[in-house]
Amino acid sequence: MSGTWFPSPADLSARDEAQAELHARANGVARARFGPRAFVRAVVEVSNFCRENCHYCGMRRDNRSLDRFRARHDELAELLIHHRPASITDINLQSGEDPLAAREVVLPLVRTLRRETNLGISVCLGTLDARLTDELRAAGASTYIVKFELAEAGRYRELEAPGSLAERTAFIRALAASGWRVSSGFIAGLPGQTIESALENLRLAADLPLIGCSVSPFVPGDETPLSASEAASLELTLNCMAALRLMRPDWVIPAVSALNLAGTGPGYARGLATGANLVTINLTPDAVRGDYLLYKRDRFIMTEERILAALAANGLTPSHQSLRDFLETPPAN
Ligand code: SF4
């Protein structure tokens, strides 16, 4: 099935029995490939400074009401080396597009974590120059997460997403060519988007040299130009996740915490049941977490307790093998 299956508009619009069948099929594919396990990655938000201005994000540079912070390398190192939850095997160091934080906080932190721990290390830092991404990889990070967000170039420009779509996809291809494992992602249900837009997102994901992809439901963010827009349909988001899994049985597909902000039901648990194989625990220190404003100040924080409960409710357990080790030595099946 890998590389050949592609959803129809009816798949992305599926509801009721057809939707349950789609999700069960995707879940079956994930479990056949990964067993009853999910990778557990921590995310630490390192800086909320951002030079970009994406309309769908509260950290955009024009949001003057945000208190901006850069974490300190030594504080994060102490947290991650000595106080991280036991189930974590991988870490993602994330920030707004802030080259200063990438160089002065993330780079030394990657070196320290590589020396002191066996964590798999991902970074999600926006579009940076090749010298800096090379240094991050040489320091010990192995996965670069960079979302293309949406696949329609005109709408991408209107929403002031980073650079141009062509530059973003060129950056993804350049990272992969230089030895990074690259994971990407897109937003489902941005204002004005149609089922055809969602199919375009899936086509672009399939065309890029990726090891994984996320689907985030559009959530109208506080303090953004889209704050009055309608939120994405949770059902469309889940159908896109299921479609990705059926398209790429081997990919890393996270259940994103924003699933809890979309719709009224248990979005996260349903995400885990549509073939996701990665969950994320947020370890950003409490003092600055409220200012990492991707969507709303009242964030739904995924603690270890919530993650383990959600996994258990879906018959899943945390993987003891790190995602990095898994990707380096995948099983033969
Ligand atoms: S989505 Fe990323 S690049 Fe865009 S404004 Fe937010 S933090 Fe910056």
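Please read all numbers here as calculations on a predicted model, not as lab measurements. (Residues numbered from 1 in each chain as written. Predicted model: local features only at pLDDT ≥ 70, side-chain atom pairs only at ≥ 80, totals over all residues. Heavy atoms only, no water.)

Undergrad: Please explain the side chain of asparagine 53 as it appears in this structure.
TA: Of note, asparagine 53 is situated in the loop between β1 (37–47) and α3 (73–82). Contacts of asparagine 53, omitting those with residues within four sequence positions, involve Arg60, Arg61, Asp62, Leu159 and Glu160. (Helix = DSSP H or I, 4+ residues; strand = E, 2+ residues; numbered from the N terminus. Contact = heavy atoms within 4.5 Å.)

Undergrad: Help me understand the packing of aromatic side chains in this model?
TA: Each aromatic ring pair is characterised by the separation of its centres together with the angle its planes make. Tallied over the entire structure, the rule returns six aromatic pairs. With a centroid separation of 5.4 Å and an interplanar angle of 45 degrees, the aromatic rings of phenylalanine 34 and phenylalanine 326 are classed as tilted. Placement of the pair is phenylalanine 34 in helix α2 (residues 16–34) and phenylalanine 326 in helix α13 (residues 323–328), with a sequence separation of 292 residues. Classification of phenylalanine 34 by relative accessible area gives buried; the value is 7%. For the ring pair phenylalanine 39 and phenylalanine 326, a centre distance of 5.3 Å and an interplane angle of 55 degrees mean the geometry is tilted. Here phenylalanine 39, found in strand β1, pairs with phenylalanine 326, found in helix α13; they are 287 residues apart in sequence, far enough to count as distant. Of the two residues, phenylalanine 39 and phenylalanine 326, both sit in the buried class. Following the ring pairs from residue to residue traces out a cluster consisting of Phe34, Phe39 and Phe326. For arginine 33, the ring lying beneath its charged end belongs to phenylalanine 34, and the centroid distance is 5.6 Å. Positioned above the aromatic ring of phenylalanine 49, the side-chain terminus of arginine 70 is 4.1 Å from the ring centre. (Phe/Tyr/Trp six-rings, centres within 6.5 Å; stacked < 30°, edge-to-face > 60°. Buried < 20%, exposed > 50% of the residue type's maximum accessible area, 1.4 Å probe, protein only. Lys NZ or Arg CZ within 6 Å of the ring centre and 35° of its normal.)

Undergrad: Any chance you could explain the pairing of strand β3 (residues 120–124) here in plain terms?
TA: For a regular strand, the rule is simple: side chains alternate between the two faces of the sheet. The buried fraction of β3 is high, at five of five residues. Residues of β3 alternate between two faces, with Gly120, Ser122 and Cys124 on one and Ile121 and Val123 on the opposite face, all of them buried. Where strand β2 (residues 90–95) lies against β3, five bridges are found, and the strand directions are parallel. Looking at the pairing, aspartate 90 lines up with glycine 120 of β3. For the segment spanning β2, helix α4 (residues 99–116) and β3, crossover handedness is right-handed. Of the crossover connections in this fold, the one passing from β3 over helix α5 (residues 130–139) to the parallel strand β4 (residues 143–145) is right-handed. (Pairing = 2+ DSSP bridges. Right-handed = clockwise from strand over helix to strand, strands pointing away.)

Undergrad: For this particular structure, what's the right way to read the nonpolar core?
TA: One recurring pattern in soluble globular proteins is that nonpolar side chains are buried together. Membership of the largest hydrophobic core comes to 96 residues, with the highest contact counts inside it found for Tyr56, Leu93 and Leu244. Considering each element in turn, this core owes the most residues, 10 residues, to helix α9 (residues 234–247). Formed by six residues, the second largest nonpolar core is a distinct cluster that contains Phe34, Leu278, Leu323 and Phe326. (Core = buried A, V, L, I, M, F, W, Y, C linked by side-chain atoms within 4.5 Å.)

Undergrad: Explanation requested: the pattern of salt bridges in the structure shown.
TA: Pairing between side chains of opposite charge can happen when their charged atoms approach one another. If you walk through the whole model with that rule in mind, you get 16 salt bridges. Among the salt bridges present, the one from arginine 64 reaches aspartate 62, with a minimum N-O distance of 3.8 Å. On the basis of relative accessible area, arginine 64 is assigned to the exposed category, the value being 69%. For aspartate 62, a relative accessible area of 39% gives the class partly exposed. (Salt bridge = Lys/Arg side-chain N within 4 Å of Asp/Glu carboxyl O.)

Undergrad: Sorry, what's going on with the site of the ligand here?
TA: Cys50, Glu52, Cys54, Tyr56, Cys57, Met59, Arg60, Gly96 and Pro162 make up every residue found near the ligand. For the shell around the ligand, the per-class residue count stands at six nonpolar, one polar and two charged. (Near = heavy atom within 4 Å. Nonpolar A, V, L, I, M, F, W, Y, C, P; charged D, E, K, R; others polar.)

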